[in-house]
Amino acid sequence: MPDGSAGTTSLVNIGTLVTNDPSVGAGALGMITDAAVVVEHGRVAWVGPSRACGPADEQVDLEGRAVLPGFVDSHAHMVFAGDRSAEFAARMSGEPYSAGGIRSTVDRTRAATDDELRTTLTRLANEMRMSGITTFETKSGYGLTERDEARSLRLALSETTETTFLGAHVVPAEFASDPDGYVALVSGAMLDICAPFARWIDVFCDRGAFDADQARHILLAGADHGLVPRVHANQLQPGDGIRVAVEVGAASADHCTYATDSDIELLAGSTTVATLLPGAEFSTRSPYPDARRMLDAGVTVALATDCNPGSSFTTSMPFCIAVAVRDMRMTPDEAVWSATAGGAAALRRDDIGRVTVGSRADLVSLDAPSHVHLAYRPGVDLVDRVWLSTTTPKVDA
Ligand code: NIG
Ligand code: FE
């Protein structure tokens, strides 16, 4: 199989193939019908019409199914312990969501053993792969001590190279009367210890978390350690998060639920991707971000799960796509692009999120004739098979 172990494998008789390469197929998704893909050494070696596909060592007949790049989930929080279903139930009875809920997960995470954290992380990572996610980012942020943040990142690295230091998730209870002391710790000793285990640095810049000056200070300290910024921005109210993200050259401003016209203008004129997280609005009964307005302004939009125990406990990218189409006024094509190429852009990767010669052979086939079914058939598990370009064997979903 396309795991790079031996020879070439051709996937033939693909009903519709999303390549995300407009130079090889139709529209922004670079669609090819009756397509084939040849994989060699875990990379895509050839893409084109099935009838033009040459011989390969092994052949897989997709029998008219749709194939697309594996989903790229650029925002998740998967190292944690504990359950917050009671908080969710209370919200559904009218309680508001607040940043403070994070602290209950912090208590549980600090008390957990490495094995307990690893078990949950592995379970969620497997769920993600079953839903077609082939690359995911995950953050620390439920430890909030030097030891617990470093431990979270070390564990995360066993599942992904896309790890993010989120020591600035909230101010922990023991620093309640000295928030500036916590900012100094996160941007000082904690960062020193955590930076070797992370690629990215994130700050929750919002009501009940960190303000613009604190966020800027922490993000720039991270950049000095070689970490690239990303920001939890404008989730709970209009504010400074998006502006700070653009100012520090963040790869991504995430949530953007309360983005103003000037925020959208800033994003459109920058290299910062707007990562939208419909699972969070769904599970906190909040208004959805206006994806249509962002897309029309020329903003690059990614979709991600935000998998976490408080605001969005889902590992399903198809669910996020369906909600984005139904409630955020994205077209099915736009939503699928954002969940693949958009996620890759948010992680500044050009080897994933597309099916082009040289890209990683991370692929998903659907029990459906086209990608549109991901939104057209909400709640139905359409993922047929998932191929990972690593030595990990094919996942039968
Ligand atoms: O992205 N907003 C901050 N962080 C998470 C929520 C974390 C939690 O509630 O535990 C989010 O929604
Ligand atoms: Fe988040």
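Because the structure is a prediction, the values reported are computed rather than measured. (Residues numbered from 1 in each chain as written. Chains lettered and ligands numbered in written order. Predicted model: local features only at pLDDT ≥ 70, side-chain atom pairs only at ≥ 80, totals over all residues.)

**Q** What's the story with the nonpolar core in this structure? I'm lost.
**A** Residues Val-37, Val-67, Ile-321 and Ala-324 are the most contacted members of the largest nonpolar core, which totals 127 residues. Sort the elements by how many residues they give to this core and helix α13 (residues 332-346) lands first, with eight residues. Shared between two domains, this core takes at least three residues from each, and those domains are domain 1 (8-70 + 353-396) and domain 2 (72-346). If sequence neighbours within four positions are ignored, Ile-321 has contacts with Leu-303, Ala-335, Val-336, Ala-339, Leu-374 and Ala-375. (Core = buried A, V, L, I, M, F, W, Y, C linked by C-beta atoms within 7 Å. Buried ≥ 20, exposed ≤ 12 C-beta atoms within 10 Å, placed from the backbone. Helix = DSSP H or I, 4+ residues; strand = E, 2+ residues; numbered from the N terminus. Domains from an automatic or database assignment. Contact = placed C-beta atoms within 7 Å.)

**Q** In this structure, what is going on with the packing of helix α3 (residues 114-130) against helix α4 (residues 146-156)? I would like to understand it.
**A** Packed helices, taken two at a time, are described by the angle their axes make and the gap between the axes. The interhelical angle for the contact between α3 and α4, taken along N-to-C directions, is 45°, at an axis separation of 10 Å. Classified by the angle their axes make, α3 and α4 are oblique. Between α3 and α4 the crossing geometry is right-handed. Residue-level inspection shows Asp-114, Leu-117, Arg-118 and Leu-121 of α3 in contact with α4, the latter providing Arg-151, Leu-155 and Ala-156. (Axes fitted to C-alpha atoms, helices over the stretch in contact; angles between N-to-C directions. Parallel < 35°, antiparallel > 145°, perpendicular 65-115°, else oblique. Left-handed = near helix turned anticlockwise from the far one by under 90°.)

**Q** How should the domain arrangement of the protein chain be read in this particular structure?
**A** When the parts of a complex come together, some accessible area is lost, and that lost area is often taken as the interface size. Per the domain assignment, the segments of the protein chain are domain 1 (8-70 + 353-396) and domain 2 (72-346). Taken residue by residue, the interface counts 22 residues in domain 1 and 21 residues in domain 2. Broken down by secondary-structure element, the contributors of at least two residues to the side of domain 1 that touches domain 2 are β5 (66-69), α14 (373-376) and β15 (383-387). Partitioning the side of domain 1 that touches domain 2 into residue classes produces 15 nonpolar, five polar and two charged. (Nonpolar A, V, L, I, M, F, W, Y, C, P; charged D, E, K, R; others polar.)

**Q** Looking at this structure, how should I read the environment of Gly-342?
**A** When you line up the elements, Gly-342 lands in helix α13. On a C-alpha basis, the gap between Gly-342 and Thr-275 in space is 8.2 Å, while along the polypeptide they are 67 residues apart. When sequence neighbours within four positions are dropped, the list of residues in contact with Gly-342 reads Val-273, Thr-300, Val-301, Ala-302, Leu-303 and Trp-337.

**Q** How should I be thinking about the sheet that holds strand β10 (residues 228-233) in this particular structure?
**A** Paired through their backbone hydrogen bonds, the strands of a sheet run either parallel or antiparallel. As summarised here, the arrangement of the eight strands in space is β6-β7-β8-β9-β10-β11-β12-β13, forming an open sheet in which the pairing is parallel. Two strands in the sheet have a free side with no partner beyond their single neighbour: β6 (71-73) and β13 (301-303). Between one strand axis and the next, the sheet turns through 25° on average, direction left out of account. Packed onto the sheet, α4 meets β7 (133-139) and β8 (162-168) and runs at close to 165° relative to β8. Running over the sheet, helix α12 (residues 317-327) touches β6, β7, β12 (273-276) and β13 and is turned about 130° from β13. (Pairing = 2+ DSSP bridges.)

**Q** Mind showing me how you'd approach the packing of α12 against α13 here?
**A** Packing of α12 against α13 leaves a shortest axis separation of 9 Å and a crossing angle of 140°. One element, α12, and the other, α13, form an angle in the oblique class. Between α12 and α13 lies a crossing whose hand is right-handed. Seen from α12, the contacting residues are Met-317, Cys-320, Ile-321, Ala-324 and Val-325; seen from α13, they are Pro-332, Ala-335, Val-336 and Ala-339. Classifying every residue of the contact of α12 with α13 gives nine nonpolar, no polar and no charged.

**Q** Would you take a moment to explain the site of ligand 1 for this structure?
**A** As a matter of local geometry, ligand 1 sits amid 14 residues, with Ile-102, Phe-204, Asn-308, Gly-310 and Ser-311 nearest to it. Counted by class, the shell around ligand 1 contains four nonpolar, nine polar and one charged residues. (Near = placed C-beta within 6 Å.)

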